[in-house]
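Listed below are the residues making up each chain.
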Amino acid sequence: MDLITGTYDCKVDAKGRLMMPAAIKKQLSAVLQDGFVLRRSVFQKCLELYPMSEWQALMQKMNKLNKFKKKNNDFIRRFTAGAKIVEVDVSGRLLIPKDLTVFASISKDIVVASAINIIEIWDKDLYEQAIDDAALDFADLAEEVMGQDDDDYGIS
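Residues numbered from 1 in each chain as written. Predicted model: local features only at pLDDT ≥ 70, side-chain atom pairs only at ≥ 80, totals over all residues. Heavy atoms only, no water.

With respect to the pairing of strand E4 (residues 47-51)
Along any regular strand, the residues point their side chains to alternate faces of the sheet. Among the five residues in E4, five count as buried, and that is most of the element. Of the pairings in the sheet, the one linking strand E3 (residues 36-40) to E4 comprises five bridges and is antiparallel in character. Note on E4: the bridge partner recorded for Leu38 is Leu49. Pairing geometry for E4 and strand E8 (residues 118-123), over three bridges, is antiparallel. Its bridge partner being in E8, Glu48 is matched across the sheet by Glu120. (Buried < 20%, exposed > 50% of the residue type's maximum accessible area, 1.4 Å probe, protein only. Helix = DSSP H or I, 4+ residues; strand = E, 2+ residues; numbered from the N terminus. Pairing = 2+ DSSP bridges.)

Remarks on the sheet that holds strand E7 (residues 109-115)
Taken in spatial order, the six strands of this open sheet run E1-E7-E8-E4-E3-E5, and their pairing is antiparallel. Looking at which strands have only one partner, the edges of the open sheet turn out to be strand E1 (7-11) and strand E5 (84-86). Going across the sheet, the axis of each strand differs from the next one's by a mean of 30°, ignoring polarity. Each of E3, E4 and E5 touches helix H2 (residues 52-62); the most contacted strand, E4, lies at about 95° to it. (Axes fitted to C-alpha atoms, helices over the stretch in contact; angles between N-to-C directions. Contact = heavy atoms within 4.5 Å.)

Some thoughts on unusual backbone geometry
Of note, Ser105 is a non-glycine position whose phi angle comes to about 55°, a positive value. By the secondary structure assignment, Ser105 is in the loop between helix H4 (98-103) and E7. At Ile116, a residue that is not glycine, the phi angle is positive and equals roughly 70°. Assessed through its relative accessible area of 58%, Ile116 is described here as exposed.

This is how it looks when you write it as structure tokens:
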């Protein structure tokens, strides 16, 4: 699958349906019919939307974990907790299940943001707060993550 690019302000209707931005639908056109998995983020109070092929690739990796180790079982259980298979309907809408809406504090105004090969769905206020909080140390973070001289760990 190709990488996904873009950040879009959107709205969720009273039934929890998100009209997917046209630019995102276009980028996902080859995989729309396959469905998606929507889950809670590990590190942020947002949702992660995985194209089914990306989810299956991730599950194949996780399936290699030794399930006779308690920490691996605990991780798998927590990582997949609340995950739901979802589809974009013929009108281009994605229904966000109520429990995931509650987890991410999604009300009406949201942000749909690409995250390389998945999409994050945020409450707009929480997204702006996360961006503002990260802005304080983003230069240091960028240098630490991307500024490595080693080819295995950085782009330089």
